[in-house]
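# Structural characterization, general
Spelled out from the first residue to the last, the chains are:
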Amino acid sequence: HHTCDRYTCLIGTLTTAYIFAFLHYYNPFDEPRSLRLVPTQQAPVPDHLNYSQWIEDPELQHETCCHYFDALLCCTNEYNGTEPKALRFVGAAPFDAAQFFATLGGRHIAMIGDSIMRQTTSALVCALEKVKTPLTVGKPTSFKASKLYDFAATYEDGTKISRASMTRFDFKLLHSVMHDADILMLNIGAWYNPPQRQQYGRDMSALGDALRSFNRRPGKRGILVDTVPQHFPTQRGSGAFSDRIDGKRCVPVDPGDYSHTGADWHTQVVRRVSHENGLQVVEVLDIFVPRWDAHLESRPKTATSGSGNLDCTHYCHRDSVW
């Protein structure tokens, strides 16, 4: 069993950076292609994309936390055992909220996945609020905002941003969202542990086939998203929850060890499926390997967040992290 949705009311990292960078550089309605955010042996990163850059910025210590988030989920020394570093990601142009709305053009974008995707959805709505306040928005802690979504925000131009919970492949749920949304951004992975690799491969193949069919429909686009890295104390240096040992803090993970221990196996499956089905994929794994400092760690257990256990899966909320 994985910790990932034990915090069912979490809303708070991991990367509006990857959502924002994707929508800044790529129109979702272009022909399918792979957005390679990091250099690989298969394909070099484009010159205008450099996703290995985190620079120190002391001003970030004064960042306020979005009001959609419980204070327990914010990046603050009051709760983090590890002090979150004041780092700004400079591997992409700053997010342009106005351009985001112009690109979507009143369409419906649905984020599908586990609690990390819920965090991503909420952080995106927070970033957009600097330009537009939603006409309606369901609090992320209210389960559910509708029969299908546990979080949804609608805007005056018709744009809608929703999140549907799917920790494992659920064709019925996916089929329902496909009938309702124009753009799907989807990740499943964290709830599949190493002994379930074959099942994960089968489920992702079925998902890839469904998204390929979805993309054939006019004005539709399905996009895969990487599973983000974990930073649990381990003997092998993988950072993976499945390898965890006793510890009170999240720990740094060497990028080489992360790969050599096979901790990136979810990502390898995602990229294979994207290649086989001609799907766009947002690769975020390597971006967050260095951000061991920005997890929730040991937050007090409350009615809306936390478990009281070490959490090196979810990330705290700060605009510069997301």
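Residues numbered from 1 in each chain as written. Predicted model: local features only at pLDDT ≥ 70, side-chain atom pairs only at ≥ 80, totals over all residues. Heavy atoms only, no water.

A few words now on the overall build of the protein chain. Scanning the protein chain from N- to C-terminus turns up eight helices and 11 strands. Of all 322 residues assigned to the protein chain, the portion counted as buried reaches 57%. A total accessible area of about 13,300 Å² is found for the protein chain, and carbon and sulfur atoms account for 49% of it. (Helix = DSSP H or I, 4+ residues; strand = E, 2+ residues; numbered from the N terminus. Buried < 20%, exposed > 50% of the residue type's maximum accessible area, 1.4 Å probe, protein only. Areas by Shrake-Rupley, 256 points an atom, 1.4 Å probe, with all protein chains shown as cover.)

Turning to the pattern of salt bridges, a few remarks are in order. Summed over all chains, the structure comprises 13 salt bridges. A salt bridge links D243 to R236; the nearest nitrogen and oxygen atoms lie 2.6 Å apart. Taking the shortest distance from any N to any O, the salt bridge between R272 and E276 comes out at 3.1 Å. On the criterion of helical spacing, the pair formed by R272 and E276 is a turn pair, its members being four residues apart in helix 7 (residues 265-277). Given the relative accessible area of 33%, R272 is considered partly exposed. If you follow the salt bridges from partner to partner, you end up with R118, D150 and R163 in one network. (Salt bridge = Lys/Arg side-chain N within 4 Å of Asp/Glu carboxyl O.)

What follows is about the sheet that holds strand 4 (residues 136-137). The sheet built from seven strands is open, its strands ordered 4-5-6-3-7-8-9 with mixed pairing. The sheet is open, and its two borders are formed by strand 4 and strand 9 (280-282), each paired with just one other strand. Two strands pair when backbone bridges link them, and strand 5 (residues 151-154) and strand 6 (residues 160-165) are joined in this way by four bridges, in the antiparallel orientation. Each bridged residue has a counterpart across the sheet, and for A152 the counterpart in strand 6 is S162. (Pairing = 2+ DSSP bridges.)

The subject of this paragraph is the pairing of strand 3 (residues 108-113). Burial within strand 3 is extensive, with six of its six residues counted as buried. A two-sided burial pattern is seen for strand 3, the buried positions comprising H108, A110 and I112 on one face and I109, M111 and G113 on the other. Judged from the six bridges that link them, strand 3 and strand 6 form a sheet pairing that is parallel. Along strand 6, the bridge assignment pairs H108 with K160. Here strand 3 pairs with strand 7 (residues 183-187) via five bridges, running parallel. Looking at strand 7, one finds that I109 is bridged to I183.

Two aromatic rings, taken as a pair, are described by how far apart their centres are and by the angle between their planes. All told, the structure shown has nine aromatic pairs when counted by the stated rule. When the ring of F100 is compared with that of F101, the centres are 5.8 Å apart and the planes differ by 90°; the resulting orientation is edge-to-face. For the pair shown, F100 and F101 are each scored as buried. Here the aromatic residues W54, F89, F288 and Y315 are joined through ring pairs into a cluster of three or more. The ring of Y192 is capped by R168, whose NZ or CZ atom sits 4.8 Å from the centre of that ring. (Phe/Tyr/Trp six-rings, centres within 6.5 Å; stacked < 30°, edge-to-face > 60°. Lys NZ or Arg CZ within 6 Å of the ring centre and 35° of its normal.)

Here the protein chain averages 78 in pLDDT, while 76% of its residues score no lower than 70. Averaged pLDDT values for the elements of the protein chain fall to 44 in helix 1 (residues 16-25) and rise to 96 in helix 5 (residues 197-215). Low pLDDT, under 50, characterises residues 302-306; the stretch is placed with 13 contacts to residues that sit more than four places away or in other chains. (pLDDT = per-residue confidence, 0-100. Contact = heavy atoms within 4.5 Å.)

Note on placement: R163 falls in strand 6. A polar side-chain atom of R163 sits 2.7 Å from the main-chain carbonyl oxygen of D114. (Polar contact = N/O pair within 3.5 Å; in protein donor to acceptor, adjacent residues only side chain to side chain.)

The next thing to look at is the packing of helix 5 against helix 7. Helix 7 packs onto helix 5 with a crossing angle of 30° between their chain directions and a minimal axis gap of 9 Å. Taken as a pair, helix 5 and helix 7 cross one another with a handedness that is right-handed. Listed contacts from helix 7 to R197, Y200, G201, M204, S205, G208, D209 and R212 of helix 5 are W265, H266, V269, V270, R272, V273 and N277. Partitioning the contact of helix 5 with helix 7 into residue classes produces six nonpolar, five polar and four charged. (Axes fitted to C-alpha atoms, helices over the stretch in contact; angles between N-to-C directions. Left-handed = near helix turned anticlockwise from the far one by under 90°. Nonpolar A, V, L, I, M, F, W, Y, C, P; charged D, E, K, R; others polar.)

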